[in-house]
Amino acid sequence: MERSQAPRLPGIQLQLLTTPLSSNPVVEPKGVVYTKPWVVELLLDLAGYASGRNLVDAVTIEPAAGDGAFLGAMVERLVDSCERLGRPLADCANSLIAFELDDSSADRASAMTIDILLRKGAPRTVAEALASKWVHTGDYLLEAVSLNADFVIGNPPYIRLENIPEEAAAMYRRTYHTMRGRSDLYIAFFEAALTQLNEGGVCAFICADRWMRNQYGSDLRRLITSRFAVETVIEMHDAGAFQDEVDAYPAITVIRCETQTSTVVASAGPEAERAAPLTLCKVLREVGPDQAVVPVRGLRAARVTSWFRGSDPWPCHSPEQLALLRRLEETFPPLEKHARVGIGVATGNDRVFITKDTRIVEPSRLLKLALARDIFCGHLKWSGHYLVDPWDRDGLVNLNAYPRLKAYLEEHAATLKKRHTAERNVRGWYKTIDRVSHALTPAPKLYIADIKDTLNPVLDRGETYPHHNLYFIQGDDWDLEVLGGLLLSAVGQFFVASYGVRMRGGYLRFQAQYLRRIRVPDPQALSQSQQMLLKEAFSNRDREQATSIALDVYGIAKFEMERALGY
């Protein structure tokens, strides 16, 4: 028996096969990690790949077959559908295509397919012919561009960019434009699957979920929200989706080629495995708006009536969290409607541009600089650091007008000229990476440190300029102590925890892209009493009082916030 083989690209194929590779969301050096059968069955049910439908005339693709966890279940359902329709198995020759890059894995997948068909009563000649037709040894990403499909279902490989040979990575990037930045290979698998779907077709994957929130997934999210409908997202971090314990954050995503309507967002825990996949599927399809508790232990779900737009992150940590977030987003405007969010100055060489010595340059060339350590205690306590400031209102200063500044910078010229920003601007070799906006210094503003475990805004009354590891919020429409009280509350924490990705140790990145997405009421909508109590809470660093008032302002019940935050 000969298995169908696609045109080979030996250089790329052989290089990839020397890289640890599996058709599972995690590649571990100790071996392949397999998807549990209940997850396979659930994914097929959610996709609508059911034997009660006409699967014979549909085209179904498994993009990375591995040893056949998904393929075997597909074959079972396809044969049952064929028998129910009273059609010969030969009609199924073009119903299924399974790609596998590794020859030995493809051989095992083909042998498994033959065994299933024989068990189903197919003659050996028919079984071998169908297996040869269905199982392809080849690179799905380089062949999918020519295929159309009704279903693309499976478990794309999880391979980091640095583990992909340069030749292969370059070819994938030329073909799949959503594969940007530090993208993992599964980004390309999503794009390939989505762009080959027929109208009404579905892509159903279990895969690492970081792309839903990370920067490198932004182009993929934009593609999906512009042309497809996100039907179901199930977070499965603790669900035991794989045969072995793995260090991954998997999620099921079901995406259909049709207009977006509502989306079911769910979270599955270890107990969900005890329920029948069909039961799980039925419960998920019937879940109502904002419903968090469903009649299956270990499963929580909610239906949200609107999905995200463009490249916005998808904060699908839990159904309770997302349901509340979408409600707040639809009710309140973003922070930047009445305020400005920015980041402090990046110098390109802090050793040169930051000093405590006031004698090295002219006093007018020193700017009081706030560092992250200066707000550690919850109040601004300036540490005495200055920025050596090479800017004025018109741009870079003329060094000849400042002899001490000129002498100081020329002393460090060799180091400063090696910076990338100086290589691009030879005449401006002494510039900081960011231009200084002098109007910011005397303006009252809130400072927020880049990396913290909690949102901790601190007021600067117009005394300092922020360093690049501080973000600032500035706006004349707000009493900043009132706004600071809202941000200090659990509601402020909720927004950043929803949008951001936690780092090791549980720390959050309080980046401008997340701060800008925080929703706040119109400053004039708060009562005098609410404003007074928020200012008091901010001044006293009283998160409990700030949270109590913020819940009232946003119309959130305490139990809702507790469920959404997970405590």
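The rules behind these values
Residues numbered from 1 in each chain as written. Predicted model: local features only at pLDDT ≥ 70, side-chain atom pairs only at ≥ 80, totals over all residues. Heavy atoms only, no water. Phe/Tyr/Trp six-rings, centres within 6.5 Å; stacked < 30°, edge-to-face > 60°. Helix = DSSP H or I, 4+ residues; strand = E, 2+ residues; numbered from the N terminus. Buried < 20%, exposed > 50% of the residue type's maximum accessible area, 1.4 Å probe, protein only. Core = buried A, V, L, I, M, F, W, Y, C linked by side-chain atoms within 4.5 Å. Contact = heavy atoms within 4.5 Å. Pairing = 2+ DSSP bridges. pLDDT = per-residue confidence, 0-100. Expected span 1.5 Å × (residues − 1). Polar contact = N/O pair within 3.5 Å; in protein donor to acceptor, adjacent residues only side chain to side chain. Salt bridge = Lys/Arg side-chain N within 4 Å of Asp/Glu carboxyl O. Axes fitted to C-alpha atoms, helices over the stretch in contact; angles between N-to-C directions.

Undergrad: Explain the packing of aromatic side chains here, please?
TA: Geometrically, a pair of aromatic rings is defined through the distance of the ring centres and the angle of the planes. Summed over the entire model, instances satisfying the criterion amount to 13 aromatic pairs. Here the aromatic rings of Phe-190 and Trp-211 are separated by 4.9 Å at their centres, their planes lie at 45 degrees, and the arrangement is tilted. Here the residue Phe-190 occupies a position in helix 8 (residues 186–195), and Trp-211 occupies one in the loop between strand 6 (197–208) and helix 9 (218–227), the gap between them amounting to 21 residues. Between Phe-332 and Tyr-554, the aromatic rings sit 5.0 Å apart at their centres with planes inclined by 65 degrees, giving edge-to-face as the arrangement. Highlighted residues: Phe-332 in the loop between helix 11 (319–331) and strand 11 (340–343) and Tyr-554 in helix 20 (residues 543–554), separated in sequence by 222 residues. Using a relative accessible area of 14% as the deciding quantity, one classes Phe-332 as buried. Joined through ring pairs, the aromatic side chains of Phe-190, Phe-205, Trp-211, Trp-307, Phe-308 and Trp-314 make up one cluster.

Undergrad: Got a minute to help me understand the nonpolar core in this structure?
TA: Nonpolar side chains in soluble globular proteins generally cluster together in the buried interior. Core analysis: the largest hydrophobic core is formed by 94 residues, its most contacted members being Tyr-140, Trp-211, Trp-307 and Tyr-554. With eight residues, the top contributor of residues to this core is helix 8. Look past the residues within four positions of Tyr-140 in its chain and what remains in contact with it is Ile-61, Pro-63, Phe-99, Val-152, Phe-189, Ala-192, Ala-193 and Gln-196. Judged by nonpolar contacts, the second largest core, of 60 residues, contains Leu-55, Leu-78, Leu-284 and Val-296.

Undergrad: Would you explain the pairing of strand 10 (residues 299–304) in this entry?
TA: For a regular strand, side chains alternate in direction, first toward one face of the sheet and then toward the other. For strand 10, the buried fraction is high: five of the six residues fall into the buried class. Strand direction decides the pairing type here: strand 9 (residues 263–268) and strand 10, joined by six bridges, are antiparallel. Paired with Ser-267 across the two strands is Arg-300, which belongs to strand 10.

Undergrad: I keep staring at the confidence of the model for the protein and nothing clicks. Help me out?
TA: Caution applies to low-pLDDT regions: their predicted coordinates should not be interpreted in detail. Overall, the predicted model of the protein reaches an average pLDDT of 88, with 89% of residues at or above 70. This stretch, residues 1–32, has a pLDDT under 50; its non-local contacts, to residues over four places away or in other chains, come to 85 contacts.

Undergrad: Just to check I follow, could you spell out helix 20 for this structure?
TA: Side chains that are three or four residues apart share a direction in an α-helix, a result of its 3.6 residues per turn. For helix 20, built from twelve residues, the straight-helix expectation of 16 Å at 1.5 Å per residue is met to within 8% by its first-to-last C-alpha distance of 16 Å. Taken residue by residue, helix 20 has Ala-546, Thr-547, Ile-549, Ala-550, Leu-551, Val-553 and Tyr-554 as its buried positions. Buried residues along helix 20 sit in contact with helix 11, helix 16 (480–488), helix 17 (490–499), helix 19 (528–540) and helix 21 (558–565). Capping of helix 20 at its N-terminal end is provided by Asp-542; its side-chain oxygen lies 3.2 Å from the backbone amide nitrogen of Glu-544. Just downstream of helix 20, Gly-555 is the residue with a positive phi angle, here 70 degrees.

Undergrad: Just to check I follow, could you spell out the pattern of salt bridges for this structure?
TA: When their charged atoms lie close together, side chains carrying opposite charge are able to pair. Applying the stated criterion across every chain yields a total of 26 salt bridges. Note that Glu-329 and Arg-517 form a salt bridge whose closest N and O atoms lie 3.4 Å from each other. Of this pair, Glu-329 sits in helix 11 while Arg-517 sits in the loop between helix 18 (512–515) and helix 19, placing them 188 residues apart in sequence. Judged by relative accessible area, Arg-517 falls into the buried class, the value being 13%. Bridged by salt links that share partners, the residues Glu-76, Asp-80, Arg-119 and Lys-120 form one connected network.

Undergrad: Just checking my understanding: could you explain the sheet that holds strand 17 (residues 445–449) for this structure?
TA: Strands pair in a sheet through their backbones, by hydrogen bonds, and they do so in one of two ways: parallel or antiparallel. The four strands lie next to each other as 11-21-17-19, forming an open sheet whose pairing is antiparallel. The strands lining the two open edges of the sheet, one partner per strand, are strand 11 and strand 19 (458–460). For this sheet, the mean inter-axis angle between neighbouring strands, taken without regard to orientation, is 30 degrees. Direction of pairing for strand 17 relative to strand 19: antiparallel, over a ladder of three bridges. In the sheet register, Tyr-447 faces strand 19, and the bridge partner there is Val-458. Strands strand 17, strand 19 and strand 21 (470–474) of the sheet are contacted by helix 16, whose axis makes an angle of about 25 degrees with strand 17.

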